Amino acid sequence: MTGRRGVIYFLVLILVFVTASVATASEGRSDRLERVVSKIAEEAALGAIDRDTAAIYTAKAVFDPASLPGRFAFDAAAPDLETGEHVSCATGILNRLVADASRLSPAAREQVRAIMRQGLGMPLERLNRTAAPEASTAGRTDFPDGLTLSKVYKTEHFAIRYGSKNFDFDNYATSVQELGEALENAWDLWVDGYGYAAPYKSDQYYLDVFVGDSAINAPEINGSGAAAYVTFYDAFDLSDSMNVMVISKDILVHEGYTQDVVGHEFYHMIQYGAAFANNCYNYMFNEGSAVSAWAVEAAAVWSEEYILPDDNYWQYFVNSAQGYPERSIMAFDFSIALHYGRALFFLYLDENYGGPDALYEVWNECYNDILASTDAYLKTQSSDLATMFPKYALANRVRDYKDASVMDAARRHLRVTKYPAEIETTDELEDDVPENFAANNIRLVPQNGGTLTIKFSGEETHGSYAVNWALVYATETDKVLSEPKIGLVTGGDAADVTDTLTIEDFGDGIDAVELVVVPMTNRRPSSLSFYEHDYSLKIYEGDAPADDDDDDDVTDDDDDDVTDDDDDDASDDDAGDDDDDDASSDDDFGDFEPLGDDDDDDAVDDDDDDDSGSGCGA
């Protein structure tokens, strides 16, 4: 079955600025960088422009947006920090350009390289300086083919370069010394602390960090409205190049925000470093790395929890992504920062399977993609991806995380209150049919009580790939949730993807069941779309019929028995919470005791699809 949603899986990775009101962020100014790149990708997918033109336009969106056709014009003004404007990070855009370069014509490839080189303030030809710069006491020198500006502040590992074109650190909350300290703290954490390989060639040369547009020849950034990016001086000749970080002066308005942005970007540098150190380019550079691009940003957002543990800037990304559990973990969405919000995948891995060292292992083993690497790591922990992923999906629904109090629960798709009931993805779920490595969340509430019987049937194969299904659930008693339980795992080596799950004491000790349905295959997405997977559920309360081949034994005459929970109100009367005027509700788990969290009274919006993020790496 082809995907019902056309998911453009092309070039962009976005980051979103701190917000308390997404309406302002998404409706205030016109298109930001990420939306323009989305438009370019959409035109390419529809055949309105070819691949070469799309790549050239994308490079121009970052470095020379004024030269784009008028239909791609966008607002690159500084964000309004009071209202939480969107600001994009261009690291992923540039990485995808490099990874997709082999698919371009030679002329287009050279034009993209020229746009990137010129945008960095570099000549088209390599400088290849012969005179060695003076070495520092640490033994480092300036990168011979790097860019220098009139002012530089050097730390042990970094050279912060800037000019005086409408720029002075004295006008910002973050000083150049504090910026240097933030960078060194990130180095200490990941390289010295957790043993990641240092960024490529940083044993010989300083890592250059530029304040963009602070000099006539400084790297470009403000024209695109981006907050920061990491790329290479010559991204088309990586063997003799080096990482460079460019930040917007706008991130310097708040010291904590500065730390978060540069910490996130430095994690990208060590992701690149791991690729070079392990001679493994499947996650970052080559064409096949597209299926792992989500993880590049998700892991960098996860790293922010260790840069600023008490700030939880990442919650804005997470709360946005929690509105779309049916979307593949590998999916991008340019408007909701979906792949950034998937940081929860790595947070769950961290909290349940080995701590931050788990991330080190995942990034430093070479497999076809990040999910395959995660599966290999989990097997060293007496588990596997097919077991971990459904539990992760349930954890998102019930907020089974240490920082649960700042998180929204993953959106619930359906609520069942009358039995028997039948759920067909083609009827009840419409646009919410789960994609590969995604989830549907269904709440089951007793009507009369008795044994709960769930008869499941799902597609066995998708093309030539076997579909593995998992049903995982937690029971709720007196507002307290049980540990997650794997109810069914079918498919793969199983001859039939049809099975039955029974839960005793439904309505007699168990007040509700949170059920999560997860499809998983080894198929990775094409460049244009993800794959949805159909299934059906027949749900009985009490004695289930011995033979349910006749559809008449499962009726759905009353629409109230299976309801679409994608609504914006706070009511959940059929689940036993008649008064939802307080800060918590049956819908959002605010008055439950989520696993790993205290019973708090903070407001959590379970249907909050529109949360915006907190900035490039925030």
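Residues numbered from 1 in each chain as written. Predicted model: local features only at pLDDT ≥ 70, side-chain atom pairs only at ≥ 80, totals over all residues. Heavy atoms only, no water.

*Asks:* Describe the packing of aromatic side chains, and please don't skip the residues or the numbers.
*Replies:* The tally for this structure, following the rule as stated, stands at 41 aromatic pairs. Considering the side-chain rings of Phe345 and Tyr392, the 5.4 Å spacing of their centres and the 85° angle between planes classify their relative orientation as edge-to-face. Linking Phe345 in helix H11 (residues 343–352) with Tyr392 in helix H14 (residues 385–398), this pair joins segments that are 47 residues apart in sequence. Overall, Tyr392 belongs to the buried group, its relative accessible area being 4%. (Phe/Tyr/Trp six-rings, centres within 6.5 Å; stacked < 30°, edge-to-face > 60°. Helix = DSSP H or I, 4+ residues; strand = E, 2+ residues; numbered from the N terminus. Buried < 20%, exposed > 50% of the residue type's maximum accessible area, 1.4 Å probe, protein only.)

*Asks:* Can you explain the pattern of salt bridges? Please cite residues and give values.
*Replies:* Evaluation of the coordinates by the stated rule reveals 15 salt bridges. Across the pair Glu435 and Arg327 runs a salt bridge, and its minimum N-O distance is 3.5 Å. Residue Glu435 is located in the loop between helix H15 (425–429) and strand S8 (440–444), and its partner Arg327 is located in the loop between helix H9 (315–321) and helix H10 (338–341); the two are separated by 108 residues in the primary sequence. On the accessibility criterion, Glu435 (1% relative accessible area) is buried. Judged by relative accessible area, Arg327 falls into the buried class, the value being 7%. The shortest N-O distance in the salt bridge between Asp375 and Lys379 comes to 3.2 Å. With Asp375 and Lys379 both in helix H13 (residues 370–379) and four residues apart, the pair spans about one turn of that helix. (Salt bridge = Lys/Arg side-chain N within 4 Å of Asp/Glu carboxyl O.)

*Asks:* Run through the packing of helix H2 (residues 33–46) against helix H3 (residues 51–63), naming residues and quoting values.
*Replies:* Relative orientation of the contacting elements H2 and H3 amounts to 175°, with a least axis distance of 10 Å. Viewed along their axes, H2 and H3 adopt a mutual orientation that is roughly antiparallel. For the pair formed by H2 and H3, the contact residues are Leu33, Val37, Ile40 and Ala44 on the first element and Ala54, Tyr57, Thr58, Ala61 and Val62 on the second. Grouping the amino acids of the contact of H2 with H3 by side-chain chemistry returns eight nonpolar, one polar and no charged. (Axes fitted to C-alpha atoms, helices over the stretch in contact; angles between N-to-C directions. Parallel < 35°, antiparallel > 145°, perpendicular 65-115°, else oblique. Contact = heavy atoms within 4.5 Å. Nonpolar A, V, L, I, M, F, W, Y, C, P; charged D, E, K, R; others polar.)

*Asks:* Residue-level account of the packing of H11 against H14, with values.
*Replies:* Where H11 contacts H14, the two axes come as close as 10 Å, and the packing angle between them is 110°. By the angle class used here, H11 and H14 are roughly perpendicular. Of the two elements, H11 crosses H14, and the hand of that crossing is right-handed. In this structure, H11 contributes Leu344, Phe345, Tyr348 and Leu349 to the contact, and H14 contributes Leu385, Met388, Phe389, Lys391, Tyr392, Ala395 and Asn396. When grouped by side-chain class, the residues that make up the contact of H11 with H14 number nine nonpolar, one polar and one charged. (Left-handed = near helix turned anticlockwise from the far one by under 90°.)

*Asks:* Residues and numbers for helix H5 (residues 106–119), please.
*Replies:* Taking 1.5 Å per residue, 14 residues should reach 20 Å; H5 reaches 20 Å between its end C-alpha atoms and fits that length. Elements that come into contact with the buried residues of H5 comprise H3, helix H4 (91–99) and strand S4 (228–232). (Expected span 1.5 Å × (residues − 1).)

*Asks:* Please provide a residue-by-residue account of H14, values included.
*Replies:* Given a rise of 1.5 Å per residue, 14 residues ought to cover 20 Å, and the 20 Å separating the end C-alpha atoms of H14 matches this to within 8%. For H14, a buried count of eleven out of 14 residues is recorded, marking the element as mostly surrounded by other parts of the structure. Buried residues of H14: Leu385, Met388, Phe389, Pro390, Tyr392, Ala393, Leu394, Ala395, Asn396, Arg397 and Val398, and no others. Structurally, the start of H14 carries an N-cap: the backbone nitrogen of Ala386 is 3.3 Å from a side-chain oxygen of Asp384. Arg399 occupies a position one or two residues after H14 and carries a positive phi of about 60°. (Polar contact = N/O pair within 3.5 Å; in protein donor to acceptor, adjacent residues only side chain to side chain.)

*Asks:* A description of unusual backbone geometry should follow, citing residues and the corresponding values.
*Replies:* Residue Pro420 is reached from Tyr419 by a cis peptide bond, and omega for that bond is 0°. For Pro420, the location among the structural elements is in the loop between strand S6 (414–416) and strand S7 (421–424). You will see that Asn166, though not glycine, has its phi angle at about 55°, which is positive. The topology assignment puts Asn166 in the loop between strand S2 (158–162) and helix H6 (176–193). Positive phi, normally seen in glycine, also occurs at Glu430, with a value near 50°. Summarising the element assignment, Glu430 is placed in the loop between H15 and S8. Residue Glu430 is classed as exposed on the basis of its relative accessible area of 56%.

*Asks:* Which residues make up the sheet that holds strand S5 (residues 243–247), and what values do they have?
*Replies:* Across the sheet, five strands lie side by side as S1-S2-S3-S5-S4; this open sheet has mixed pairing. Every interior strand has two partners, whereas the edge strands, strand S1 (151–154) and S4, have only one. Mean inter-strand twist for the sheet, computed between neighbouring axes without regard to direction, equals 20°. Two elements, S4 and S5, share five bridges in a ladder whose sense is antiparallel. Counterpart to Val230 in the pairing with S5 is Met245. (Pairing = 2+ DSSP bridges.)

*Asks:* Describe the environment of Gly449, naming the residues involved and giving the relevant values.
*Replies:* Structurally, the position occupied by Gly449 is in the loop between S8 and strand S9 (450–458). Separated by 30 residues in the primary sequence, Gly449 and Tyr419 place their C-alpha atoms 9.9 Å from one another. Not counting the four nearest positions on each side in its chain, Gly449 is found in contact with Phe506, Gly507, Glu541 and Gly542.

*Asks:* Talk me through the nonpolar core; I want residue IDs and the actual numbers.
*Replies:* Ranked by size, the top nonpolar core spans 147 residues in total, and within it Phe266, Tyr267, Trp294, Phe345, Phe346, Leu349 and Trp363 carry the most contacts. Not counting residues up to four positions away in its chain, the partners in contact with Tyr267 are Trp190, Tyr196, Ala299, Ala300, Trp302, Ser303, Leu359 and Trp363. One finds Leu444, Ile454, Phe456 and Trp469 within the second-largest nonpolar core, a separate group that totals 27 residues. (Core = buried A, V, L, I, M, F, W, Y, C linked by side-chain atoms within 4.5 Å.)

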